[in-house]
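Spelled out, the chains give:
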Amino acid sequence: MNQIVKLHEPGADEDVVRELETALKLAKAGKLRSVVIAGSLNANRTLTAWATTDVMPLVGEIEFLKHQLMSALEPKPCDDDDPD
């Protein structure tokens, strides 16, 4: 007999919530001047949003973030790769 199994939807990602709450505190304190959000939603959807009074510095901040993300993807050297 076949059974119907309910697929589990993951709950809130604590890291995402923490980063958003930190940013929200900074924004409410008047310390966050601009923001860009790009996120992965359920069902392969994407969330994008931005808020700023000056777009040009925001573009630079996006490139800086891109650099940080790409650096995180770089393979780290390990001792096994030492030819000596």
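Note that the structure is a prediction, hence the values are computed from the model and not measured.

A.B. asks: How would you sum up the overall build of the protein? Please name residues and give values.
C.D. replies: Helix and strand counts for the protein stand at two helices and two strands. What you see in the protein, going N to C, is helices and strands ordered as α-β-β-α. Every one of the 84 residues in the protein was classed for burial, and the buried ones make up 2%. Accessible surface, the protein: about 8500 Å² in total, of which carbon and sulfur atoms supply 58%.

A.B. asks: With reference to specific residues and values, describe helix H1 (residues 14–28).
C.D. replies: With 15 residues, H1 extends 21 Å between its outermost C-alpha atoms, agreeing within 8% with the 21 Å of an ideal straight helix rising 1.5 Å per residue. For H1, the side-chain oxygen to backbone nitrogen distance between the N-cap and Asp15 is 2.9 Å, and the N-cap itself is Asp13. Looking one or two places after H1, you find Gly30, whose phi comes out positive at around 80°.

A.B. asks: Residue-level account of the pattern of salt bridges, with values.
C.D. replies: Under the counting rule described, the total for this entry stands at two salt bridges. Here Arg18 ties to Asp15 by a salt bridge, and the two come within 2.3 Å at their closest N and O atoms. Remark: Asp15 and Arg18 occur in helix H1; sequence separation between them is three residues, near one turn of the helix. For Arg18, a relative accessible area of 44% puts it in the partly exposed group. Accessibility expressed as a relative area gives 45% for Asp15, which makes it partly exposed. Across the salt bridge formed by Lys66 and Glu63, the nearest N and O atoms sit 3.8 Å from each other. A residue pair is termed a helical-turn pair when its members lie 3 or 4 positions apart in one helix, as Lys66 and Glu63 do in helix H2 (residues 55–73) at three residues. Residue Glu63 is classed as partly exposed on the basis of its relative accessible area, which comes to 44%.

A.B. asks: I'd love a proper account of the side chain of Ser34, names of residues and values included.
C.D. replies: When you line up the elements, Ser34 lands in the loop between H1 and strand S1 (35–41). A distance of 3.2 Å separates a polar atom in the side chain of Ser34 from a polar atom in the side chain of Glu61.

A.B. asks: Break down a nonpolar patch on the surface for me, citing the residues and quoting the values.
C.D. replies: Taken together, the side chains of Val36, Trp50, Val55, Met56, Val59 and Ile62 define a hydrophobic patch exposed on the protein surface, amounting to about 580 Å² of accessible area. For the nonpolar patch, the element with the most residues is H2, which contributes four residues.

Calculation rules
- Residues numbered from 1 in each chain as written.
- Predicted model: local features only at pLDDT ≥ 70, side-chain atom pairs only at ≥ 80, totals over all residues.
- Heavy atoms only, no water.
- Helix = DSSP H or I, 4+ residues; strand = E, 2+ residues; numbered from the N terminus.
- Buried < 20%, exposed > 50% of the residue type's maximum accessible area, 1.4 Å probe, protein only.
- Areas by Shrake-Rupley, 256 points an atom, 1.4 Å probe, with all protein chains shown as cover.
- Expected span 1.5 Å × (residues − 1).
- Polar contact = N/O pair within 3.5 Å; in protein donor to acceptor, adjacent residues only side chain to side chain.
- Salt bridge = Lys/Arg side-chain N within 4 Å of Asp/Glu carboxyl O.
- Patch = residues over 30% accessible without salt bridge, like charges linked within 9 Å, V, L, I, M, F, W, Y side chains within 5 Å.

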